[in-house]
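Architecture at a glance
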Amino acid sequence: MKEKVKAFRGLIYSKFDSEAEFARKMGWERQKVNKLSNGVRQPNLEEIDTMAKTLGVSELELFHIFLAQKSPNRQQTMEV
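Structural notes, computed from the coordinates. This one's a predicted model, so the numbers in the text were calculated from it and none came from an experiment.

**A closer look at the environment of Trp 28**
Turning to its location among the elements, Trp 28 is positioned in the loop between helix H2 (19-26) and helix H3 (30-37). Trp 28 sits in the buried class, given a relative accessible area of 15%. Sequence-distant contacts of Trp 28, defined by excluding residues within four places in its chain, comprise Ala 23, Val 33, Leu 36, Glu 47 and Met 51.

Next comes the structure, spelled out in C-alpha cells:
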C-alpha cells in the first residue's frame, strides 16, 4: 500500500506544488484527494480517467497504482 501512495503522490507533485492545487484543478475538495493519496479511498473509473487527463498520464498507469487483483482464496494480492 505504501508504494501505491508514494507513486500517486509522486505523480501529483511532478505536476503540481501541492495536493490542494491538484484538487482545485480537478474541481474536487482537498479532502477527496487526501483520502485517495492516503489509501483510504479507491477512485472509480471516471475519477481515474479525469485524474489521468489532469496528470498527463495514461489510465493504465493509474490502474496499476490503485487497482489490485486479489486471489480467490484471499491469501495473496497481485498487482494488475
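**Some remarks on the nonpolar core**
Formed by 18 residues in total, the largest nonpolar core has its most connected members in Phe 8, Phe 22, Met 51, Leu 55 and Leu 62. Only helix H1 (2-15), H2, H3, helix H4 (45-55) and helix H5 (59-66) provide two or more residues apiece to this core. Per-element tally for this core: the top contributor is H4, with four residues. Among residues more than four places away in sequence, those in contact with Leu 62 are Phe 8, Leu 11, Ile 48, Met 51, Ala 52, Val 57 and Leu 67.

**A few points about the packing of aromatic side chains**
By the definition in use, this model includes three aromatic pairs. With centroids separated by 6.3 Å and ring planes inclined at 80°, the aromatic side chains of Phe 8 and Phe 22 adopt a geometry described as edge-to-face. Taken together, the residues span a long stretch of sequence, with Phe 8 in helix H1 and Phe 22 in helix H2 at a distance of 14 residues. You can call Phe 8 buried: its relative accessible area is 1%. A connected cluster of aromatic rings, assembled from ring pairs, spans Phe 8, Phe 16, Phe 22 and Phe 66.

**Looking at the pattern of salt bridges**
All told, the structure shown has four salt bridges when counted by the stated rule. One salt bridge in this structure joins Glu 19 and Arg 9, with 3.6 Å as the shortest N-O distance. Of this pair, Glu 19 sits in helix H2 while Arg 9 sits in helix H1; the two residues are 10 residues apart in sequence, bridging distant segments of the chain. Note on Glu 19: relative accessible area 10%, which makes it buried. Accessibility expressed as a relative area gives 30% for Arg 9, which makes it partly exposed.

**Considerations on the side chain of Ser 37**
Relative to the helices and strands, Ser 37 resides in helix H3. For Ser 37, a relative accessible area of 0% corresponds to the buried category. At a separation of 3.0 Å, a polar atom in the side chain of Ser 37 contacts the side chain of Glu 19. Each residue touching Ser 37, except ones within four places of it in the same chain, is listed here: Val 5, Phe 8, Arg 9 and Glu 19.

What counts, and where the lines are drawn
- Within any chain, residue numbers begin from 1 and follow the written order of that chain's sequence.
- Residue-level local features of this predicted model are given only where pLDDT is at least 70; pairs of side-chain atoms are given and counted only at 80 or more, and the full residue set underlies all totals for whole chains, interfaces and linings.
- Processing note: side-chain calculations cover all non-hydrogen atoms of the structure and skip hydrogens and water entirely.
- Going along the chain from the N terminus, every DSSP run of H or I of four or more residues is numbered as a helix, and every run of E of two or more is numbered as a strand.
- Relative accessibility decides the category of a residue: with a 1.4 Å probe and only protein chains considered, values under 20% of the type maximum give buried, values over 50% give exposed, and everything between is partly exposed.
- Between two residues, a contact is recorded if the distance between any of their heavy atoms is within 4.5 Å.
- Throughout, nonpolar core names a set of buried Ala, Val, Leu, Ile, Met, Phe, Trp, Tyr and Cys residues whose side chains join them through atoms within 4.5 Å.
- Aromatic contacts are taken between Phe, Tyr and Trp rings whose centres are within 6.5 Å, Trp giving its six-membered ring; a plane angle under 30 degrees counts as stacked, one over 60 as edge-to-face, and the others as tilted.
- Think of a salt bridge as a Lys or Arg side-chain nitrogen and an Asp or Glu carboxyl oxygen that are within 4 Å of each other.
- We define a polar contact as two N or O atoms separated by no more than 3.5 Å, with the added condition that, inside protein, one atom must be a possible hydrogen donor and the other a possible acceptor, whereas residues neighbouring each other in sequence contribute only through side-chain atom pairs.

What is shown is where atoms sit, not what they do.
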